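Coordinates in review
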Amino acid sequence: MSLSQRDQKHNWHPYTQHKTAAAAVAIVKGEGTLLWDENGKEYIDAIASWWVNPYGHSNKYIADAIYKQLTSLEHVLFGGFTHEPAVVLSEKLMEILPSNQKKLFYSDNGSTAVEVAIKVALQFHYNQGVTKTKIIAFEDAFHGDTFGAMAASGISLYTQAFQGSLLEVVRVPIPKPGKEEKALQVLKDLLVTNEFAAFIFEPLVLGAAGMVMYAPEVLEEMITLCKAHSVFTIADEVMTGFGKTGKNFATDYLVNKPDMMCLSKALTGGTIPMAITTFTQEIFDGFYDEDINKALFHGHTFTANPTGCAAALASIELLQTAEMQANIKRVNQSHLEFETKIKNHSKVITTRVLGVIFALEIKSDTKESYYGSLRNKLYDFFIENGVILRPVGNVVYILPPYIITNSQLQKVYQTIEEVLEII
């Protein structure tokens, strides 16, 4: 019995309708940008395995850091204790985070990073004796699958079964080019009600919405409006963080910085689950009190796991090398060249590029659902041709490891060109 067949006996996969889905591809090895399945077939991982793996699979530098940490301290509880990897990582992050970020709270994944931010926003006001129980988020946002993060997410496919059980969230249109004024007006109208604790957003790129992009200038204005009405701003940098947009963080394109940031995915280079929520000193001070009831009573068993911290430190060190920064620029330039080539194709509606992110929207005769027939046809073609791409409806995006070679990129582009000719 194959590994893939054995998998079907017990494993329940994410975002999968098992009655209709094909058997999962069984991967047995990864190196660099490549993965190999149990039959020896080679795949280019053109989405960095859900955006977590910018430095390539089986990265020796990160692996060595993990091994070294495992030989001295694999884990210790973070309640009442600390350790060198967490202290050094906090110091390292302060070197690259926006200067207004002063405090870090560790958790396990992107959803929990968002969960922490939302709870902190609500409790901060509660600690002050102020009632603010609602949050603002973009339409079509995606912030995760735990309850607070799910409430902030606007994709009904993921949330419709839980609508009656979620925190109240009011939505603002995405300020896409040409739609900025409408989005700003909706936000202004909400803010004057004084009901909202926070505004959460994916800065500059909404990933699960199909890599929808908008300008930093309008986000800057939105943050300014929120600050004027004492509404906290939460930048969900789970996808965009650590180089994806061409800068360390998407918020590096802004002058006016958010109050909180959510980090995960590439934080540990795709090796160990870990997340961090960052805060201004003002927010931390809202919990700093003689009254024990004003503390943040939130935690995870593996909070600030030393091994994860060691992986994160190694990952940040790699990000800061001249070679990796040159790779980011090289991939961006390659994307721009492909965009010039493909944007006028008869089956292409729009293209967009930011940093190492490329997205292409395909014309469709019908409104394409998130997991509709066109999406499935595209996905199957890519997998058959040894390229891992997961279209979002009719949007095909590339978000590769920074170390992807030029020839591998050309193979990805070529496969996209080929699929446009057969759909």
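Here the structure is shown first, and the text comes after it.
Read on for an overview of the structure. A quick note: this is a predicted structure, and the numbers were derived from the prediction, not measured.

Here we take up unusual backbone geometry. With a phi close to 50°, Tyr15 is a non-glycine residue in the positive phi region. Topologically, Tyr15 is positioned in the loop between helix H1 (3-10) and strand S1 (27-31). A relative accessible area of 32% means that Tyr15 is categorised as partly exposed. Of note in the backbone geometry, Ser58 takes a positive phi value of approximately 55° without being a glycine. Take Ser58: it is sitting in the loop between helix H2 (48-51) and helix H3 (60-70). Residue classification places Ser58 among the exposed residues on the basis of a relative accessible area of 58%.

Turning our eyes to something else, we now look at the sheet that holds strand S14 (residues 357-362). An order of S13-S14-S16 is seen for the 3 strands of this open sheet, with the pairing classed as antiparallel. Strands with a single pairing partner mark the edges of an open sheet, and in this sheet they are strand S13 (348-354) and strand S16 (395-398). The mean inter-strand angle of the sheet, taken between neighbouring strand axes irrespective of direction, is 15°. When S14 meets S16, the two strands line up antiparallel, connected through 4 bridges. From the neighbouring strand, Ala359 faces S16, where its bridge partner is Tyr397.

We now examine the packing of aromatic side chains. This structure, assessed with the given rule, holds 16 aromatic pairs. Measuring from centroid to centroid gives 4.8 Å for Phe124 and Phe232, while their planes differ by 85°, and the two rings are edge-to-face. Separated by 108 residues along the polypeptide, Phe124 in helix H5 (residues 110-127) and Phe232 in strand S10 (residues 232-236) bring together distant segments of the chain. Taking the centre distance of 5.8 Å and the plane angle of 70° together, the rings of Phe147 and Phe162 count as edge-to-face. Of the two residues, Phe147 sits in helix H6 (residues 147-152) while Phe162 sits in the loop between helix H7 (156-159) and strand S6 (169-172), which places them 15 residues apart along the sequence. Here the aromatic cluster, defined as three or more aromatic residues joined through ring pairs, consists of Tyr15, Trp50, Phe142 and Tyr158. Across the ring face of Phe284, the terminal group of Lys103 is positioned such that the distance to the ring centre comes to 4.4 Å. Just above the ring of Tyr379 sits the side chain of Arg375; from NZ or CZ to the centre is 4.8 Å.

To continue, consider the nonpolar core. Core analysis: the largest hydrophobic core is formed by 107 residues, its most contacted members being Leu89, Leu93, Phe138, Met211, Phe242, Leu389 and Ile416. Looking at this core, the element that brings in the most residues is helix H11 (residues 306-319), giving 8 residues. If you look at the next biggest cluster of nonpolar residues, it comprises 29 residues, including Val114, Val169, Ala198 and Val238.

Below, the discussion takes up H3. All of the buried residues in H3 are Ile62, Ile66 and Gln69. Projection of H3 onto a plane perpendicular to its axis shows the buried side chains occupying an angular sector of 65°, all on one side. Set apart from the buried face of H3 by more than 90 degrees, the exposed residues are Lys60, Tyr67 and Lys68. In this structure, the buried residues of H3 make contact with helix H4 (84-96) and H11.

Once that is clear, we can look at the side chain of Lys132. Looking at where Lys132 falls in the secondary structure, it is placed in the loop between H5 and strand S5 (134-138). Here Lys132 is buried and forms no salt bridge, its nearest opposite-charge partner Glu282 lying at an N-O distance of 9.8 Å. At 3.5 Å, the side chain of Lys132 and the side chain of Asn194 are in polar contact. A distance of 3.1 Å separates the side chain of Lys132 from the backbone oxygen of Ser230, its partner in a polar contact. Look past the residues within four positions of Lys132 in its chain and what remains in contact with it is Leu122, His125, Asn194, Glu195, Phe196, Ala197, His229 and Ser230.

Turning our attention to the environment of Val396. Note that Val396 resides in strand S16. Along the backbone, Val396 and Gly178 are 218 residues apart, and their C-alpha atoms lie at a distance of 23 Å. Those residues within four positions of Val396 in sequence are excluded, and the remaining contacts are Phe358, Ala359, Leu360, Ile362, Leu378, Phe382, Leu389, Pro391 and Ile416.

Attention now goes to the pattern of salt bridges. This structure, assessed with the given rule, holds 8 salt bridges. For Lys60, the salt bridge identified is with Asp64, shortest N-O distance 2.8 Å. With Lys60 and Asp64 both in helix H3 and 4 residues apart, the pair spans about one turn of that helix. A residue is classified by how much of its surface remains accessible, and Lys60, at 58% relative accessible area, is exposed. Taking the relative accessible area as the measure of exposure, Asp64 reaches 38% and is therefore partly exposed. The closest approach of N and O atoms between Lys294 and Asp289, which form a salt bridge, is 3.8 Å. The class for Asp289 is partly exposed, based on a relative accessible area of 43%. A single salt-bridge network, built from bridges that share partners, covers Lys134, Glu168 and Glu195.

What counts, and where the lines are drawn
Along each chain, numbering runs from 1 in the same order as the chain's sequence is written. The model is predicted, so local features are restricted to residues of pLDDT at least 70 and side-chain atom pairs to those at 80 or more, both for listing and for counting; the totals for chains, interfaces and linings are taken over all residues. In computing side-chain values, all of the structure's heavy atoms are included and hydrogens and water are not. The numbering of helices and of strands both runs from the N terminus, where a helix is a DSSP run of H or I of at least 4 residues and a strand a run of E of at least 2. Only protein chains enter the accessibility calculation, which uses a 1.4 Å probe; a residue is then buried when its area is under 20% of its type maximum, exposed when over 50%, and partly exposed in between. Any two strands are treated as partners once DSSP identifies two or more bridges connecting them. Axis geometry follows a simple rule: fit a line to the C-alpha atoms, using only the stretch in contact for helices, then measure angles between N-to-C directions, giving values from 0 to 180 degrees. To pair, rings of Phe, Tyr and Trp, with the six-membered ring standing in for Trp, must have centres within 6.5 Å; the planes then decide the type, stacked if under 30 degrees apart, edge-to-face if over 60, and tilted in the middle. By definition here, charges over rings are those cases where NZ of Lys or CZ of Arg is within 6 Å of the ring centre and within 35 degrees of the ring normal. Nonpolar core, defined: a set of buried Ala, Val, Leu, Ile, Met, Phe, Trp, Tyr and Cys residues in which side-chain atoms within 4.5 Å join the residues together. This arc describes the spread of directions from the helix axis toward the C-beta atoms. We call two residues contacting when some pair of their heavy atoms lies within 4.5 Å. The convention is simple: Lys and Arg are positive, Asp and Glu are negative, and His and the chain ends are not counted. The working definition used for a salt bridge is a side-chain nitrogen of Lys or Arg within 4 Å of a carboxyl oxygen of Asp or Glu. We define a polar contact as two N or O atoms separated by no more than 3.5 Å, with the added condition that, inside protein, one atom must be a possible hydrogen donor and the other a possible acceptor, whereas residues neighbouring each other in sequence contribute only through side-chain atom pairs.

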